[in-house]
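Residues per chain are reported as follows:
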Amino acid sequence: MPCTQHPFKRSRKEYSTEAPYCRKENWWKSPDNESEEKTSVHRHVTKMSSYVLPPKGKTWSIVWFASGLKSLKKAEKHLRSAKLDEEFNKLVKQWKEETFFLSSLSKMFAHPAYQRIMAMGTDGLSLVLGELQNGQGNWFYALKFMAGKDVAAGIKNYEAARAAWLEWGYKNNYI
Amino acid sequence: MRDCSWLLHLPDRFENVRPGNFICRSDRTNDRPCNGYNCIAWAAGKEDKWWWPIDDPCAYWPIPIDPIDPVTLEHFIKAFETEGYSVCCDDRFEDGFEKVAIFVDRDGTPTHAARLLPSGVWSSKMGKGEDIEHETLKIVEGNEYGTASQFLKRPNPLCRKTNQQKTLFSRLRQFLKALFKTFLRTASANHTNS
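Here the residue numbers are simple positions, counted from 1 along each chain's written sequence. Following the order in which they are written, the chains are lettered starting with A and the ligands numbered starting with 1. Where totals are concerned, whole chains, interfaces and linings use all residues; where local detail is concerned, this predicted model gives features only for residues with pLDDT of at least 70, and gives and counts side-chain atom pairs only at 80 or more.

Draft legend 1. Focus on the overall build of chain A. Per the convention used, a helix needs a DSSP run of H or I reaching at least four residues, while a strand needs a run of E reaching at least two, with both numbered from the N terminus. When helices and strands are counted, chain A shows seven helices and zero strands. Listed by position from the N terminus, the elements making up chain A come as α-α-α-α-α-α-α. Any residue surrounded by 20 or more other C-beta atoms within 10 Å of its C-beta is treated as buried, while 12 or fewer makes it exposed and the intermediate range makes it partly exposed; C-beta atoms here are placed from the backbone. The burial tally for chain A puts 18% of its 175 residues in the buried class.

Next comes the structure, spelled out in C-alpha cells:
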C-alpha cells in the first residue's frame, strides 16, 4: 500500500509503507497503534545507522542551545536593568518632591523611596553613582550601605567625597 | 526661583498656611546638593552650611555628634549655645534680643527652627525651599514640623544699646526722628504725584 502522507511525485521506492514515518491506513482505530509505531520507529532507527545523528551534530546543537540560553539570559538581564532604571528614576523623583521642604537629613534618609533605593543594593549602585556624577541629591548615606563600606569616611567636603565615590565606582566597574 | 505657592498645595503637612499669612523672602536653594543651608543654620544666622547632627559630608554640626542619639532637643540647645543663645521661656518679642524657636514632632525629635526678626515677625527656611516670613509660629506648625516647643534668645549683636536702660529723652528723640522720616516720605510722595 502506498504511503498517503507523502507527495505523489516521490517514487514508491523512496517511501515504502514499511518506513517508520509513514502511518498505516486507519492507524487511529487500533488502540495499540501508537505504541506499536513507537517501537517500530525505535527498531528502525536502531537498525539504520543513517538515522542516528553523528556526534559532531550533537555537539553543535548543544552549542547552539547553550548560546541561545546565554542570549536569553542577556535579554532577561537587560529587561531587569531597564525595569530597575525606571523604578529608580520614579523613586528619585518621589524622594525629591516629598523631602525638599525638610531640614532633617535623618528624615530624608528614612523616607520610604530612599530606603527602597538603598534596598536595591549592588544592583542599584551604578544608578546612584550616575546621579552623584550628575550632581543631583545627597547619596553618600545610601552609597555607604549599598557598597558595604564608607569610601568617603572622614571627608567633610562634598566635592572631595563625591570624587572619592566616583573614583571607587570607576575602579569597580560601576561607572 | 521664588515661588512659595507649593506651601498651599500641602494642606496635610502645613495645615495652618493660608494665602496671605506668609511672605516669600528668598529663592529656592535646592539647585545643587550640599550647596545650601537649612532652617537650623538660618535660625543660627548662618547661610553657608546645612546644620544637622549626622555624620555626612553634606552636614555640619558645631559640636561633637552624640553617636547613640544625636537628634535630641538637648543636643540642639547645646549647638545653639555655641552661638551665644540661652534658653528662655517664651516667643514674645524683646527689644535688643534675637530669639529662636525649635520645633519638635510628636516624639520630641527636633524638625525645624525659626528666627525672630527685629521687625517682630518670624523667619523660616523651608528645607531646600525658600525663606518665608510669618507673623506667628502657629503658621508653620503642623504635621510636618510639629510644634514650637523650645525658645532661646541672645543679645542682638547689631543692637548697640542692648542692655542699656533707655532714657525718656532718647525715646522722645527716636519718636521725633521717626515722625520726621514719615513726614519726608509723605512729602516726597505728594511731590511725585503732583
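That covers the picture; the talk isn't over yet.
Draft legend 2. Layout of the overall build of chain B. Scanning chain B for helices and strands turns up three helices and nine strands. In chain B, of all internal contacts separated by at least 6 residues, the share reaching a separation of at least 24 is 56%. This entry defines residue contacts through backbone-placed C-beta atoms, with two residues in contact when those atoms are within 7 Å.

Draft legend 3. Representation of the interface of chain A and chain B within the structure. Across the boundary between the two partners, chain A contributes 19 residues, which contact 21 residues of chain B. At the level of secondary structure, the elements contributing two or more residues to the side of chain A that touches chain B comprise helix H3 (105-109), helix H6 (140-147) and helix H7 (158-171) of chain A. Residue composition of the side of chain A that touches chain B, by class: ten nonpolar, eight polar and one charged. Residue type decides the class: Asp, Glu, Lys and Arg count as charged, Ala, Val, Leu, Ile, Met, Phe, Trp, Tyr, Cys and Pro as nonpolar, and the leftover types, Gly among them, as polar.

Draft legend 4. View of the pairing of strand E5 (residues 97-104) of chain B. Residue and element names in this part refer to chain B. Judged by how many residues are buried, E5 sits mostly within the fold: seven of eight residues are covered. As judged from the eight bridges shared by E5 and strand E9 (residues 147-155), these two strands associate in the antiparallel manner. Bridged to Phe103 within E9 is Ala148. Alignment of E5 against strand E6 (residues 110-116), held across six bridges, turns out to be antiparallel. By the bridge assignment for E6, Phe103 is matched with His112. Taken together, E5 and the strand that follows it, E6, pair antiparallel across an intervening segment of five residues, in which Gly108 is found at a positive phi of about 85 degrees. Pairing between strands requires that DSSP locate at least two bridges from one strand to the other.

Draft legend 5. Structural context of the sheet that holds strand E8 (residues 131-134) of chain B. Residues and elements named next belong to chain B. Read across the open sheet, the seven strands follow the order E1-E8-E7-E6-E5-E9-E4; overall the sheet is antiparallel. If you trace the sheet from one side to the other, it starts and ends with strand E1 (22-24) and strand E4 (86-88), each paired once. Within the sheet, the average angular offset between the axes of one strand and its neighbour, ignoring direction, is 30 degrees. Helix axes are fitted only over the stretch in contact, all axes being lines through C-alpha atoms; the angle between N-to-C directions runs from 0 to 180 degrees.

Draft legend 6. Geometry of helix H5 (residues 125-133) of chain A. Those residues of H5 of chain A that sit buried are Leu125, Leu127, Val128, Leu129 and Leu132 of chain A. Directly after H5 of chain A, the chain includes Gly135 of chain A, whose backbone phi takes a positive value near 75 degrees.

Draft legend 7. Region of the structure containing unusual backbone geometry. Residues other than glycine seldom take positive phi values, yet Asn173 of chain A does so here, at roughly 60 degrees. Mapped onto the secondary structure, Asn173 of chain A falls in the segment after H7.

Draft legend 8. Looking closely at the environment of Ser119 of chain B. Residues and elements named next belong to chain B. Along the chain, Ser119 turns up in the loop between E6 and strand E7 (122-125). On the basis of neighbour count, Ser119 is assigned to the exposed category, with 9 C-beta atoms found within 10 Å. Put simply, Ser119 and Asp95 are 24 residues apart on the chain and 9.9 Å apart in space, counted from C-alpha to C-alpha.

Draft legend 9. Structural view of the confidence of the model for chain B. Chain-level statistics for chain B give a pLDDT mean of 85 and a share of 91% at 70 or above. The complex prediction reports pTM at 0.67, with the ipTM value standing at 0.75. Values of pLDDT, ranging from 0 to 100, describe the predictor's confidence in every residue of the model.

Draft legend 10. Representation of the packing of helix H4 (residues 112-119) of chain A against H6 of chain A in the model. Residues and elements named next belong to chain A. Between H4 and H6, the least distance of the axes is 9 Å, while the angle of their chain directions is 30 degrees. Here H4 is positioned roughly parallel relative to H6, judged by the angle of their axes. In this structure, H4 crosses over H6, and the sense of that crossing is right-handed. Facing Tyr114, Ile117 and Met118 of H4, the residues of H6 in contact are Ala142, Phe145 and Met146. Taken together, the residues of the contact of H4 with H6 sort by class into six nonpolar, no polar and no charged. Comment on the angle field: the value is read as roughly parallel under 35 degrees, roughly antiparallel over 145, roughly perpendicular from 65 to 115, and oblique elsewhere. By definition, turning the near helix anticlockwise from the far helix through less than a right angle yields a left-handed crossing, and turning it clockwise yields a right-handed one.

Draft legend 11. Representation of the nonpolar core in the model. Think of a nonpolar core as buried Ala, Val, Leu, Ile, Met, Phe, Trp, Tyr and Cys residues, each tied to the set through C-beta atoms within 7 Å. Grouped together as the largest cluster of nonpolar side chains are 64 residues, with contacts concentrated most on Val128 of chain A together with Trp50 and Ala113 of chain B. With residues up to four places along the chain from it excluded, the contact list for Trp50 of chain B reads Cys34, Gly36, Tyr37, Asn38, Ala41, Cys58, Ala59 and Tyr60 of chain B.

Draft legend 12. Inspection of the environment of Ala119 of chain A at higher detail. Residues and elements named next belong to chain A. Note that Ala119 resides in helix H4. What makes Ala119 exposed here is the crowd of 12 C-beta atoms within 10 Å. With 26 residues separating them along the chain, Ala119 and Phe145 place their C-alpha atoms 8.8 Å apart.

Draft legend 13. Broad picture of the environment of Asp69 of chain B. Mapping Asp69 of chain B onto the fold places it in the loop between strand E3 (59-60) and helix H2 (73-81). Along the backbone, Asp69 of chain B and Pro53 of chain B are 16 residues apart, and their C-alpha atoms lie at a distance of 9.5 Å.

Draft legend 14. Spotlight on the pairing of E7 of chain B. All names here are of chain B. Two strands pair when backbone bridges link them, and E6 and E7 are joined in this way by three bridges, in the antiparallel orientation. Residue pairing across strands places Ala114 opposite Ser124, the latter belonging to E7. Following E7, the chain reverses through five residues before pairing antiparallel with E8; Gly127 in that reversal takes a positive phi of roughly 60 degrees.

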